[in-house]
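Close look at the chain arrangement
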Amino acid sequence: MLVISGCSGGESAAPPAERPAPKAVDAARLGTALLPTPQGMQITYGPETGAYSSLKATKQGQEALKKATVNKSGCRGIGQLDADRVGAAPAAVVAYSSKSGSISQSLVATDTFPGPLPKGCGRYEAMVGESKVVYVTKELNLPKHGDQSRVFLTRAISGGKEAQIGAVLIQRAGVVASLLVVGAEIKRKGLQELARLADEKLARIIG
């Protein structure tokens, strides 16, 4: 079984000087900006709304992070929000899956935003129990969305098996939209379309 827990959790760069999240954007309002169920997929988790640190998905991610040992500490959680820094910020989370893969989305009212791919983190390793996972990551140059956005594509290799992980991050008016896509092969066009749809729906809620 391919283990991908090593890329969960979050190291993030210093938050940029962005506009604060509007007071009206609470967790329930964020929940209305989540994407609908993609064609051919079904909901496997959520939707759940509330304080980010109290969400079941956040706690599970933190537990997975504790079980992973990364050979380059600065490479942990590339493209993921830092739960400790985000804290109890309003959030909404949902996850979908099909036989071919999964998509999880979170919307968080925070100015914390992951930085670019750190130097030396194009390839690193993680141990989860007895399993070694090799991660090969690159940042994709795709059209920008919101106030700022980033997209990462990672190959996760373990025990002769491979999965791909796409991470899409968009910040708009103090709200961060994060999408994590896992499958055998992740297409650039698919990530680009997800980013467009997520930003369009977010823009309707917060402007």
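Residues take numbers from 1 onward in each chain, read along the sequence in its written order. Local features in this predicted model are restricted to residues of pLDDT 70 or higher, and side-chain atom pairs are both shown and tallied only at a pLDDT of 80 or more, whereas totals for entire chains, interfaces and linings draw on every residue. Heavy atoms throughout the structure, all of them, feed into the side-chain values; hydrogens and water do not.

Let us now look at unusual backbone geometry. Glycine aside, a negative phi is what most residues show, and trans is what most peptide bonds show. With an omega dihedral of 0°, the bond running from Gly46 to Pro47 counts as a cis peptide bond. Tracing the backbone through its elements, the reader meets Pro47 in strand S1 (residues 42-51). Helical segments are the DSSP runs of H or I of at least four residues, strand segments are the runs of E of at least two, and each set is numbered from the N terminus.

Looking now at the state of the cysteines. Where two cysteines share a covalent bond between their sulfur atoms, that bond is called a disulfide. Cysteine sulfur pairs qualify as disulfides if the two atoms are within 2.5 Å. Inspection of the entire model under this criterion finds 1 disulfide. What pairs with Cys75 in a disulfide is Cys121, and their sulfur atoms sit 2.0 Å apart. Disulfide Cys75-Cys121: torsion about the S-S bond near -85°, hence left-handed. Here the residue Cys75 occupies a position in the loop between strand S2 (68-70) and helix H3 (83-86), and Cys121 occupies one in the loop between strand S4 (101-109) and strand S5 (123-128), the gap between them amounting to 46 residues. A 1.4 Å probe rolled over the protein chains alone gives each residue an accessible area, and that area as a share of the maximum for its type sets the label: buried under 20%, exposed over 50%, partly exposed in between. Classification of Cys75 as buried rests on a relative accessible area of 2%.

End to end, helix H4 (residues 188-206) covers 27 Å across 19 residues, agreeing with the expected 27 Å (1.5 Å per residue, within 8%). Three or more residues of H4 are buried, namely Leu191, Leu194, Ala195, Ala198, Asp199, Leu202, Ile205 and Ile206. Looking straight down H4, one finds its buried side chains confined to an arc of 125°; they lie on one side. Seen from the open side of H4, the exposed residues pointing more than 90 degrees away from its buried face are Lys189 and Arg204. Here, residues are in contact when the closest pair of their heavy atoms is within 4.5 Å. Of the surrounding elements, those touching the buried residues of H4 are helix H1 (27-31), S4, strand S7 (148-158), strand S8 (161-172) and strand S9 (175-183). Helix span is expected to be 1.5 Å times the residue number reduced by one. The arc in question is the one spanned by the directions pointing from the helix axis to the C-beta atoms.

Without other data, these values stay purely geometric and don't point to any function.
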